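# Observations on the three-dimensional arrangement
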Amino acid sequence: MLKYFIFFTSLLFAQNTLAIDSKIIAKDLERPLLVRFEPETNFMYIIQQTGEIFIKTGSDTILFLDWSEHITVKPMPDERGLLGMAFDPNFKKNGVFYLSYVDTENYSVVSRFKVSNSRFKADVSSEEKLFYFKQPFNNHNGGHIEFSPIDNYLYIAFGDGGKFGDPFNHAQNTENYFGKILRIDVSSDSNYSVPDDNPFYGSDSNKQEIWSYGLRNPWRFSFDAINGDMFIGDVGQDSWEEINYLEANKAGVNFGWNAVEGNHCYSNPDCNQKMYTKPMLEYPSDAAYWKSIMGLKEKNITGCSVTGGYIYRGEQIKSLYGLYIFSDFCSGKVWAFNQKSNEITEITTSLLSSDQHMIASFGEDIYNELYIVDYLGAIYKIQKGK
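Keep in mind that this is a model prediction, so the values were computed, not measured.

Reading the values: rules and limits
- Residues numbered from 1 in each chain as written.
- Predicted model: local features only at pLDDT ≥ 70, side-chain atom pairs only at ≥ 80, totals over all residues.
- Heavy atoms only, no water.
- Core = buried A, V, L, I, M, F, W, Y, C linked by side-chain atoms within 4.5 Å.
- Buried < 20%, exposed > 50% of the residue type's maximum accessible area, 1.4 Å probe, protein only.
- Helix = DSSP H or I, 4+ residues; strand = E, 2+ residues; numbered from the N terminus.
- Polar contact = N/O pair within 3.5 Å; in protein donor to acceptor, adjacent residues only side chain to side chain.
- Patch = residues over 30% accessible without salt bridge, like charges linked within 9 Å, V, L, I, M, F, W, Y side chains within 5 Å.
- Areas by Shrake-Rupley, 256 points an atom, 1.4 Å probe, with all protein chains shown as cover.
- Salt bridge = Lys/Arg side-chain N within 4 Å of Asp/Glu carboxyl O.
- Pairing = 2+ DSSP bridges.
- Disulfide = S-S within 2.5 Å.
- Axes fitted to C-alpha atoms, helices over the stretch in contact; angles between N-to-C directions.
- Contact = heavy atoms within 4.5 Å.

## A word on the nonpolar core
Ranked by internal contacts, the top residues of the largest apolar core, which has 23 residues, are M280, L281, Y324 and F326. Counting 22 residues, the second largest nonpolar core, distinct from the first, contains V110, F131, L154 and Y192.

In structure tokens form, the structure reads like this:
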């Protein structure tokens, strides 16, 4: 079992001998947030916060979907827009995919779509909404969606609803979807069903779709391709960023926000931390978010907005196998974490040089190779160094 209580201050910092670098796959993009890879073909789908999805097929780039009229995007970036995409496990046969976005009325939406007769175009008339609820503020929307490789259920992350400090105590309240990761079965032709092993299945008061809760703003979670364990990057409030770990099939876990932030009491200095599952890893939130948005570099900082990543399970980089790769949006730093030895290695410069980067997401293709999504407009593939 994975150990908890791991801090940057108590980790073993390993020298970077991983011999890795990256190459640019796409550039000159507008606010890219995510990449997905079509099953079997491995074509890259580039999801932009502004509402467009492009397919990268070799040297060609094709507009797959323009959803910009249906979403909220401001000239000054915030946390709304087109936020997530996932291919149905049976995509080859049914052509179904899912989107997560915030619409023009500030509602969070998760919808099912189909491709058109032309496999390179989405059928914009095929939308079927699965979730549709009002956001109280303009931040902490979450919006990531992912299918588990173990149970093929769709997992959905929502933040606590925004502003600061979770003023409505959303994350600890299991009667709403805020600050939660949901788990649903979309395998039938109906809208969706709730798996009977969900922790609140059959409840009249709690939301039956909830799988885990007590999260502030889960910005990117992923599953280990080997065993289905979940890794969740949860953005901190004032002082701590955290990575949470959830074993496959472990239900009903409470990660503690807003009673705790990382391994520290937040709303009540005398909180009982034993009530909550502690993060796998935490690090100081010591950068200024507004400076990052304005493109201003800061010295001697760790970050201020964690970007959850992936356990590397590809075959091209043997030295990276089994390491958890993650980043911070504000600092642009990238780390590799070894769960077995509790060693962490900063790999930013070897991957991306010392230029400024704002890492919005990582991506995993069908061969389990990893990609970096730079919000400043580029997609990189992590590869073996020379």
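## Notes on the side chain of E282
In this structure, E282 sits in strand β21 (residues 281–284). Separated by 3.0 Å, the side chain of E282 and the backbone nitrogen of N263 make a polar contact. Within the structure, the side chain of E282 is placed 2.9 Å from the side chain of H264, a separation counted as a polar contact.

## Structural notes on a nonpolar patch on the surface
A contiguous nonpolar patch, built from M76, W290, M294 and L296 and spanning about 460 Å² of accessible area, is present on the exposed surface. Mapped onto the secondary structure, M76 falls in the loop between β6 (60–66) and β7 (82–87). With a relative accessible area of 48%, M76 lands in the partly exposed category.

## Section: the pairing of strand β25 (residues 343–346)
Inspection of the sheet shows strand β24 (residues 334–338) paired to β25 by four bridges, in the antiparallel sense. Residue F337 lies in a different strand from β25, and its bridge partner there is I344. Where β24 folds back onto β25 in an antiparallel hairpin, the turn is made up of four residues, including N342, whose phi is positive at roughly 60°.

## A look at the sheet that holds strand β14 (residues 210–213)
Read from one edge of the open sheet, five strands run β11-β12-β13-β14-β18, paired in mixed fashion. Edge positions in the sheet fall to β11 (145–147) and β18 (253–254), since each has one partner strand and no second. Two strands pair when backbone bridges link them, and β11 and strand β12 (residues 154–158) are joined in this way by three bridges, in the antiparallel orientation. The residue of β12 that forms the bridge with F147 is L154.

## Comments concerning the state of the cysteines
Going through the model one piece at a time under the given rule, you end up with two disulfides. Two residues, C304 and C330, share a disulfide whose sulfurs are 1.9 Å apart. Taking the torsion about the sulfur-sulfur bond, which here is approximately -60°, the covalent link between C304 and C330 counts as left-handed. In this pair, C304 sits in the loop between α2 (289–293) and β22 (306–311) while C330 sits in the loop between β23 (324–328) and β24, placing the two residues 26 residues apart along the sequence. Once the bonded cysteines of the protein chain are numbered in order along the sequence, the disulfide links fall as 1-2, 3-4.

## Observations concerning the sheet that holds β21
Two orientations exist for strands paired in a sheet by backbone hydrogen bonds: parallel and antiparallel. Read from one edge of the open sheet, four strands run β15-β16-β17-β21, paired in antiparallel fashion. The open sheet terminates on both sides in strands that have one partner only, identified here as β15 (218–223) and β21. On average, each strand axis in the sheet is inclined to that of its neighbour by 15°, with strand direction left out of account. Where strand β17 (residues 240–246) and β21 come together, four bridges link them in antiparallel fashion. Each residue of the ladder has a partner; that of E241, found in β21, is Y283.

## As for the environment of N254
For N254, the position within the fold is in strand β18. Along the chain, N254 and Y276 lie 22 residues apart, while their C-alpha atoms are 5.5 Å from each other. Among residues more than four places away in sequence, those in contact with N254 are Q172, Y213, G214, Y276 and T277. A polar atom in the side chain of N254 sits 2.8 Å from the side chain of Q172.

## With respect to the side chain of D374
Positionally, D374 belongs in strand β27 (residues 370–374). Here L376 takes part through its backbone nitrogen, which lies 2.9 Å from a polar atom of the side chain of D374. Setting aside its immediate chain neighbours within four residues, D374 contacts P32, Q356, H357, M358 and Y380.

## Structural notes on the environment of V115
Secondary-structure assignment places V115 in strand β9 (residues 107–115). Judged by its relative accessible area of 21%, V115 falls in the partly exposed class. Sequence spacing of V115 and A259 is 144 residues, and the spatial spacing of their C-alpha atoms is 43 Å. Those residues within four positions of V115 in sequence are excluded, and the remaining contacts are F64, F91, G95, F97, K121, A122 and D123.

On their own, these measurements won't tell you what the molecule is for.
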